[in-house]
Amino acid sequence: MKFSVDKHEKYVVLKLNESKFTNDNTPKLKSEFILLNTEGYRNIVLDLSAIKQCDDSQDLSSLLVGDRLCKKSNGLFIVTGINEVVAKILEMSNLDQSLTIVSKLDEATDLIFMEEIEKELLGSVDKD
């Protein structure tokens, strides 16, 4: 599976550089979610803009692993860049109800920063 990782202070962007989302590449994606979370990233943005084909909602259910890890760490898991094919499968499988989906990467980063500011104001972020 080809992907790029762009790490920032408050979040990480994982961009898939594959045209197909299949059960052949989902185990690597799950492993990357776990690795990033272990490294201390609680806010993960998954950019699916390169994905043109996805045949099975079972493959997309791997996104729930990222979502669970981020929520457990008091963070956000955001999916961006989905096309109509992927959106339809997410909707049919009701995954769109569980995941935070935005259309653009800058919307995802804005959402993360708003959440982080809110947590700081409420005092729920650990001070280093």
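Refer to the preceding data block for the structure.
Residues numbered from 1 in each chain as written. Predicted model: local features only at pLDDT ≥ 70, side-chain atom pairs only at ≥ 80, totals over all residues. Heavy atoms only, no water.

(A) Fine view of the pattern of salt bridges. Applying the stated criterion across every chain, the model contains six salt bridges. Residue Glu120 is joined to Lys10 by a salt bridge in which the shortest nitrogen-to-oxygen separation is 3.6 Å. Of this pair, Glu120 sits in helix α6 (residues 105–122) while Lys10 sits in the loop between β1 (3–7) and β2 (12–16), placing them 110 residues apart in sequence. We classify Glu120 as partly exposed; its relative accessible area is 41%. Note that Lys71 and Asp67 form a salt bridge whose closest N and O atoms lie 3.0 Å from each other. Taken together, the residues span about one helical turn, with Lys71 and Asp67 both in helix α3 (residues 63–72) at a distance of four residues. The exposed category is assigned to Lys71, whose relative accessible area is 52%. Assessed through its relative accessible area of 7%, Asp67 is described here as buried. (Salt bridge = Lys/Arg side-chain N within 4 Å of Asp/Glu carboxyl O. Helix = DSSP H or I, 4+ residues; strand = E, 2+ residues; numbered from the N terminus. Buried < 20%, exposed > 50% of the residue type's maximum accessible area, 1.4 Å probe, protein only.)

(B) Structural context of the packing of helix α1 (residues 26–38) against α3. Between α1 and α3, the least distance of the axes is 9 Å, while the angle of their chain directions is 10 degrees. What the angle tells us is that α1 and α3 run roughly parallel. Of α3, the residues touching α1 (which contributes Leu29, Lys30, Phe33, Ile34 and Asn37) are Leu63, Val65, Gly66, Leu69 and Cys70. Its residues placed into classes, the contact of α1 with α3 shows seven nonpolar, two polar and one charged. (Axes fitted to C-alpha atoms, helices over the stretch in contact; angles between N-to-C directions. Parallel < 35°, antiparallel > 145°, perpendicular 65-115°, else oblique. Contact = heavy atoms within 4.5 Å. Nonpolar A, V, L, I, M, F, W, Y, C, P; charged D, E, K, R; others polar.)

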